[in-house]
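Descriptive structure summary
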Amino acid sequence: MDEALVERIQSNPKFRELVHKKGGFSWMLAIVMLVIYYGFILVIAFSPATLGTPLSAGSVTTVGIPVGILIILSAFVITGIYARRANSEFDRLTREVVEEAKQ
Amino acid sequence: MMRKSLHTLGAAALLACATAPTWAAGAIDGAVAKRDLNWHAIIMFFIFVAFTLGITYWAARRTRSAKDFYAAGGGITGFQNGLAIAGDYMSAASFLGISAMVFDKGYDGLIYSIGFLVGWPVITFLVAERLRNLGKYTFADVASYRLGQTPVRSFAATGTLVVVALYLIAQMVGAGKLIQLLFGMDYTYAVVLVGILMVLYVMFGGMLATTWVQIIKAILLLSGASFMAFMVLKHSGFSFETMFAQAVEVKQQAAQALAAKAAVASEVAAAAVASNAPNASAAVASAEAAAKTATAAAKVNIMAPGGLVSNPIDAISLGLALMFGTAGLPHILMRFFTVKDAKEARKSVFYATGFIGYFYILTFIIGFGAITLVATNPEFLDPAKGGLIGGSNMAAVHLSKAVGGDFFLGFISAVAFATILAVVAGLTLSGASAVSHDLYASVIKKGKANEADEIRVSKMTTLGLGVVAIFLGILFEKQNIAFMVGLAFSIAASANFPVLFLSMFWKGLTTRGAVIGGLFGLISAVVLIILGPAVWEVTLGNPKGSAPFAYSNPAIFSMTLAFVTTWLVSITDNSEQAQKERALFLPQFIRSMTGIGAEGASKH
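Everything numeric in this text was worked out from a predicted model, so none of it was measured.

1. Focus: the overall build of chain B
For chain B, the count of helices and strands is 24 helices and zero strands. Taken over C-alpha atoms, the radius of gyration comes to 25 Å for chain B, in line with the 25 Å a tight globule of 604 residues would show. Seen through its principal axes, chain B has C-alpha atoms that stretch 85 × 55 × 45 Å. Scored against the burial criterion, the 604 residues of chain B give a buried share of 63%.

2. Considering the overall build of chain A
Counting its secondary structure elements, chain A contains four helices and zero strands. When the helices and strands of chain A are listed from N to C terminus, the series reads α-α-α-α. At 22 Å, chain A has a C-alpha radius of gyration far larger than the 13 Å of a compact globule built from 103 residues. Counting only C-alpha atoms, chain A reaches 70 × 25 × 20 Å along its principal axes. The buried share among the 103 residues of chain A stands at 28%. Here the analysis covers contacts within chain A between residues at least 6 apart in sequence; of these, 63% occur between residues at least 24 apart.

3. Structural notes on the nonpolar core
All names here are of chain B. Of all hydrophobic cores here, the largest spans 237 residues; its most connected members are Val194 and Leu421. When residues of this core are assigned to their parent elements, the largest contribution, 28 residues, is made by helix H17 (residues 395-444). Not counting chain neighbours up to four residues away, the residues in contact with Leu421 comprise Val194, Leu197, Met198 and Val213.

4. What to know about the confidence of the model for chain B
All names here are of chain B. When pLDDT is averaged across chain B, the result is 87; 93% of the residues are at 70 or more. At the low end of the mean pLDDT range in chain B sits helix H2 (residues 13-19), at 32; at the high end sits helix H22 (residues 555-571), at 96. With pLDDT under 50 throughout, residues 1-27 is counted as low confidence; its partners more than four residues away or in other chains account for 98 contacts. Reported confidence for the predicted complex is 0.94 by ipTM and 0.88 by pTM.

5. Section: the packing of helix H12 (residues 240-274) of chain B against helix H16 (residues 342-373) of chain B
Residue and element names in this part refer to chain B. Where H12 contacts H16, the axes come no closer than 8 Å and their chain directions differ by 50 degrees. Between H12 and H16, the crossing angle belongs to the class labelled oblique. In this structure, the crossing between H12 and H16 has a hand that is left-handed. For the pair H12 and H16, the contacting residues are Met243, Phe244, Gln246, Ala247, Val250 and Lys251 in the first and Phe368, Ile371 and Thr372 in the second. Considered class by class, the residues forming the contact of H12 with H16 number six nonpolar, two polar and one charged.

6. Considerations on helix H7 (residues 107-117) of chain B
Where burial is concerned, most of H7 of chain B is hidden: eleven out of the eleven residues are buried. For H7 of chain B, every residue scored as buried is listed here: Tyr107, Asp108, Gly109, Leu110, Ile111, Tyr112, Ser113, Ile114, Gly115, Phe116 and Leu117 of chain B. Looking at the packing, one finds that the buried side of H7 of chain B touches helix H2 (13-46) and helix H4 (64-102) of chain A together with helix H6 (92-105), helix H8 (119-134), helix H14 (312-326) and H16 of chain B.

7. Looking at the interface of chain B and chain A
In this assembly, 45 residues from chain B lie in contact with 40 residues from chain A. Among the secondary structure elements, those contributing two or more residues to the side of chain B that touches chain A are H7, H8, H12, H14, H16 and helix H24 (585-594) of chain B. For the side of chain B that touches chain A, the element with the highest residue contribution is H16 of chain B, accounting for ten residues.

8. Some words on the confidence of the model for chain A
Summary statistics for chain A give a mean pLDDT of 91 and a share of 99% for residues scoring 70 or more. Element-level mean pLDDT values for chain A span from 86 in helix H3 (residues 48-51) of chain A up to 93 in H4 of chain A.

9. A closer look at the environment of Asn542 of chain B
All names here are of chain B. Here Asn542 shows up in the loop between helix H21 (533-539) and H22. A residue is classified by how many C-beta atoms lie within 10 Å of it, and Asn542, with 14 of them, is partly exposed. Among all residues touching Asn542, those that are not within four sequence positions of it are Trp536 and Glu537.

10. Let's talk about the environment of Arg92 of chain A
Relative to the helices and strands, Arg92 of chain A is located in helix H4. With 74 residues separating them in the primary sequence, Arg92 of chain A and Leu18 of chain A have C-alpha atoms 9.7 Å apart.

11. Side note on the environment of Phe408 of chain B
Residues and elements named next belong to chain B. With respect to the element layout, Phe408 can be found in helix H17. The exposure class of Phe408 is partly exposed, given the 19 C-beta atoms found within 10 Å. Discounting residues that sit within four places of it in the chain, Phe408 has contacts with Ser400 and Val403.

12. So, unusual backbone geometry
The phi angle of most residues is negative, glycine excepted, and most peptide bonds adopt the trans form. All names here are of chain B. Even without being glycine, Ala72 reaches a positive phi, approximately 50 degrees. Its place among the elements puts Ala72 in the loop between helix H4 (66-71) and helix H5 (78-89). By C-beta crowding, Ala72 is classed as buried, having 29 other C-beta atoms within 10 Å.

13. Section: H22 of chain B
Along an α-helix, a turn takes 3.6 residues, which lines up residues three or four apart on a common side. Residues and elements named next belong to chain B. End to end, H22 covers 24 Å across 17 residues, agreeing with the expected 24 Å (1.5 Å per residue, within 8%). Every buried residue of H22 is accounted for by Ala555, Ile556, Ser558, Met559, Leu561, Ala562, Phe563, Thr566, Val569 and Ser570. The inward-facing, buried residues of H22 contact H14, helix H19 (483-505) and helix H20 (511-531).

Rules used in this analysis
- Residues numbered from 1 in each chain as written.
- Chains lettered and ligands numbered in written order.
- Predicted model: local features only at pLDDT ≥ 70, side-chain atom pairs only at ≥ 80, totals over all residues.
- Helix = DSSP H or I, 4+ residues; strand = E, 2+ residues; numbered from the N terminus.
- Rg over C-alpha atoms; globule rule 2.2 N^0.38 Å.
- Buried ≥ 20, exposed ≤ 12 C-beta atoms within 10 Å, placed from the backbone.
- Contact = placed C-beta atoms within 7 Å.
- Core = buried A, V, L, I, M, F, W, Y, C linked by C-beta atoms within 7 Å.
- pLDDT = per-residue confidence, 0-100.
- Axes fitted to C-alpha atoms, helices over the stretch in contact; angles between N-to-C directions.
- Parallel < 35°, antiparallel > 145°, perpendicular 65-115°, else oblique.
- Left-handed = near helix turned anticlockwise from the far one by under 90°.
- Nonpolar A, V, L, I, M, F, W, Y, C, P; charged D, E, K, R; others polar.
- Expected span 1.5 Å × (residues − 1).

What follows is the structure in structure tokens.
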């Protein structure tokens, strides 16, 4: 990559927008996932009985079961949210940056 | 890994045996008995082998360039790659081991599988597309992008080979034992067969054949597990509440039976002591043991977290190793170079996360189904030792027979074998590329290697790795190697991941910082595992509680050490080369964001 091209892309406001939006969004989602997972681990470590509470009086199923399944689903959904926005909005911005850099 | 926390709980040996292999490797631990030849399984397995060798033949005719060999020409779609990643990740032991853990401990099995899953979203956001935009065939391409080729590639190749070797040995030993149990084939023959097949796939079919073996295996495993989960749910009238209630009842009855047994034993002991019988001390000992087992059984609540996460430091450390270890496994990272661009890389992880998450929900249902349908059926119980024939790891296998008869048992056994083949093929290819692409072409030939020579080196390495894997598999047959996959994950998280991550995200990283920091992570992970309970007490046989390092998982310490050292060495590095490397960050960053200059797919 030659210096002129680097300079052109770096000074393109669309590139800055891309860096800002994509970087912020991916870090935010990564942190959401970390908070969900480590929140779960900390509940298990410090208050395991919470997850062992029956869902309703007399039921065998405990709170922990839907919570566990929801965490598995959240991993899938969060990945999907990212892929969706990145494949449309971020990729469109990227394409524009690349095209403008070629001119 | 979790041996320590379980032992602290005084759980039965059976439990410890079931949990160790959940590290996605050595599915069966300890000595196993050979069964009679299982013809259904053998015939179905040979159909699988014939079919995959056919694919290898087809792939071999399409594998000409280095790009074909290492990255299947970059022409795999996101969906296919997602399936292949899932196929690479869902090993025989995560199937058998996690369902066994649910079978024994219930909810703890779910906690464990969640740990294996949550690394994937983080890989999507932070690693996958940047890796695709910057690299060509191996993660070392990315780590050394703007740094000194020779030192960084040598380091990355070492990290790769260590992880691959540990993982491969664990898989080979697990394969030998599993096949002995399922097929009635000799351990040595089983290991040799696995070694030969993996060499054939990789050497002739390269990444294209490896990918398709993984895809087919993923489809077979997901369909087989779906059928089992469906039959389990059908048995409880498609009500989770009924399924859980039935399992809890089975566990309670078992605990009551054990308590009754303990009461009888204690009466016998009391009588023996009273009459001053010569066997009094033996009777007391057996009564104590029975009481202990009964107490442990009564304590197990399969609907709530048990002893898996008893210690917060170990829990967080395990979480770190699972999450960031996945993002540092060379054979997984390599899969991102098989797709055409960043968009497909992103899609691959999305699909992979879906398949893997679905699979873990299935294993959870399968584990509960095994409690109701297998643990209550004398056909599957070992009257001498108590528990299941072949140990808890056989829970899913017995369940396949309970819900689908001999034919389906054969199918699941063949799938378990196919699973091992798919995983070892991916590992071998990754090890071979570290040698040919990183060491031979970049370090020895300084990037001037001719492509045909590079492929030749890669094929020779594949053959070499096959021979070494067979040899080590036979050598380690009787060893306790449950720590190996845990160590592989810890090294991946402490050596490979910090260097890869900082090379992509931190401008200040220099060659010196990357190599020294990475080596610190590698060495500290190895040393702390050896000094920890898994190796010091279990493998080396020192007394319990004598391990100099008290935690089962070192990741929280070794990862921190790697990051801090890398940072410190990099910021104090004022060499001329370091200045140049920092200046090169901007063009690298632009390429990682936009994909300008990235490798495309090859034409054919």
